2 protein chains.
Amino acid sequence: MSRLRLTAAVTVDLVVLTVRDGSLCVLVVRRGVAPYAGELALPGGFVTEGEDLPEAALRELAEETGVSEVGGHLEQLATFGRPDRDPRGRVVSTAYLALLPRLPDAVAGSDAAEATWLPVSPAGAPLGAETLAFDHDEILALGLERARAKLEYSPLATAFCEPEFTVAELRRVYESVWGQPLDPRNFHRKVTGTEGFLEPTGQMTAREPGRPAQLYRAGTARLLHPAMLRPA
Amino acid sequence: MSRLRLTAAVTVDLVVLTVRDGSLCVLVVRRGVAPYAGELALPGGFVTEGEDLPEAALRELAEETGVSEVGGHLEQLATFGRPDRDPRGRVVSTAYLALLPRLPDAVAGSDAAEATWLPVSPAGAPLGAETLAFDHDEILALGLERARAKLEYSPLATAFCEPEFTVAELRRVYESVWGQPLDPRNFHRKVTGTEGFLEPTGQMTAREPGRPAQLYRAGTARLLHPAMLRPA
DNA sequence: TCAAAAGTGTTCGTAATACACCCATGG
DNA sequence: CCATGGGTGTATTACGAACACTTTTGA
């Protein structure tokens, strides 16, 4: 060690997304303490001594949702460090984006006073008239943009699904995240034809009325060729 | 203010890229002080009190290159915070990516003991056998990947060019960054046909042997439609 | 007249869209 | 039987790759 001036506190904030009943939803907490006590905010917290940033993000995710991130996805989003972004002093926050399959409803039992899933409106402002504490509206907007873009060229949509899923379930993920309907026939051909995207299990399911569908697992591809372009 | 525990020092590191004589080059400095004294590293430095992160990146860029970033491009890359990444203690560093047109050779007169342009090898390891201090190899690799990807769907290649440039000059930027030749005929049609990418000045130039070429300025588009896909 | 680079036309394969149509189940 | 959703076939259109060809300059 030596004369290093420690000038900031470091936090991680989480944009946790999931799809519930055809709507893209984000996990928010009601803050219990100042600043912004009583207001909605993204989950997050301080990085502890000796802890790496992804480690801290994973820990916070587990604390807020009880999820150990199996089958989901976690990636760094961006870092926010405006000197006045936290009234307590210099706080530099690295935001992470998490995509999870639908969770058992009780997110209660979590650390935060109240953790709830808020639907993000299909277009325009992410939430309805709601506003989040700190600069979290900006962070959420960036997370949504990133998630929407990544569905195009990566197989990330599978992170929103159960380990085994049907083509229709995957399509509803795309429709929810992009906020627009897709042609089921073309969608089917595209995802099944894209190398490494889906891996058939050989099993069938009849969770819904109509003809039973094949079950798939996520494949090994990390980039989609060709990409799933979203409609104009 | 209040009882906020300041646990880290915050720095910015820069991946500054330019194209020189057909090679993609990165700006590196020879460190003058411990740790890693005498070794090569990315330029960067501590974020000062009351300074925002992009502000600090811009300041460091000016100090190292004397450039006020006119015509270039600066964006946040990612943040690195492994607890042991700096032997002096907890240092969280936000990396920025800068793309600049070719500079006057004398980057001397800069802050760093020695600032030089190092060509990045076309494929495989970014530099030849060189290794950078700290985790800067990792940061550089991420910056290169980001730059290569962004040339596909954004008009960012123009940030490597002078304010007015020819289609051939733009093509040489793509060839240098991607490390592979492109068909001049198809490239010409594609860039001139993509809405908002290029704006003709009406001027001609004859900087090179052969038929004079039209001069263009960067257009207003922020996303390319259709994208410039790099060859397999 | 020749080399070199700018720019156009044409052909061909691949992929996106739109939509007609058949298949397999539950009621 | 029919409603519902799963899945295939096919025509049209857009774009990328390859490459022959014309244009305009300097030497």
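For the structure, check the block above.
For clarity, every value in this text was computed on a predicted model and none was experimentally measured.

J.: Kindly report on the pairing of strand β2 (residues 23-30) of chain B, identifying the contributing residues and their values.
T.: All names here are of chain B. In terms of burial, β2 is largely enclosed, as six of its eight residues are buried. With four bridges connecting them, strand β1 (residues 9-20) and β2 associate as antiparallel partners. Across the sheet, Val19 pairs through a bridge with Leu24, a residue of β2. Following β1, the chain reverses through two residues before pairing antiparallel with β2; Asp21 in that reversal takes a positive phi of roughly 50°. By the bridge criterion, two bridges tie β2 to strand β3 (residues 40-41) in an arrangement that is antiparallel. Its bridge partner being in β3, Val29 is matched across the sheet by Ala41.

J.: Provide a residue-level description of the protein's contact with DNA strand D, including the pertinent values.
T.: Arg185, Gly210 and Arg211 of chain A together with Arg185 and Asn186 of chain B are the nearest of the 21 residues found near DNA strand D. Backbone atoms, meaning sugar plus phosphate, form 49% of the atoms of DNA strand D positioned within 4 Å of the protein. Here a phosphate oxygen of DNA strand D sits 3.1 Å away from a polar atom, N or O, in the main chain of Gln214 of chain A. Within the side chain of Arg211 of chain B, one N or O atom sits 2.9 Å away from a base oxygen of DNA strand D. When residues of the surface near DNA strand D are traced back to their parent elements, those giving at least two are α3 (167-178), α4 (184-193) and β9 (213-218) of chain A together with α4 (184-193) of chain B. Here the surface near DNA strand D is built from residues that sort into seven nonpolar, five polar and nine charged.

Conventions and cut-offs
- Residues numbered from 1 in each chain as written.
- Chains lettered and ligands numbered in written order.
- Predicted model: local features only at pLDDT ≥ 70, side-chain atom pairs only at ≥ 80, totals over all residues.
- Heavy atoms only, no water.
- Buried < 20%, exposed > 50% of the residue type's maximum accessible area, 1.4 Å probe, protein only.
- Helix = DSSP H or I, 4+ residues; strand = E, 2+ residues; numbered from the N terminus.
- Pairing = 2+ DSSP bridges.
- Near = heavy atom within 4 Å.
- Polar contact = N/O pair within 3.5 Å; in protein donor to acceptor, adjacent residues only side chain to side chain.
- Nonpolar A, V, L, I, M, F, W, Y, C, P; charged D, E, K, R; others polar.

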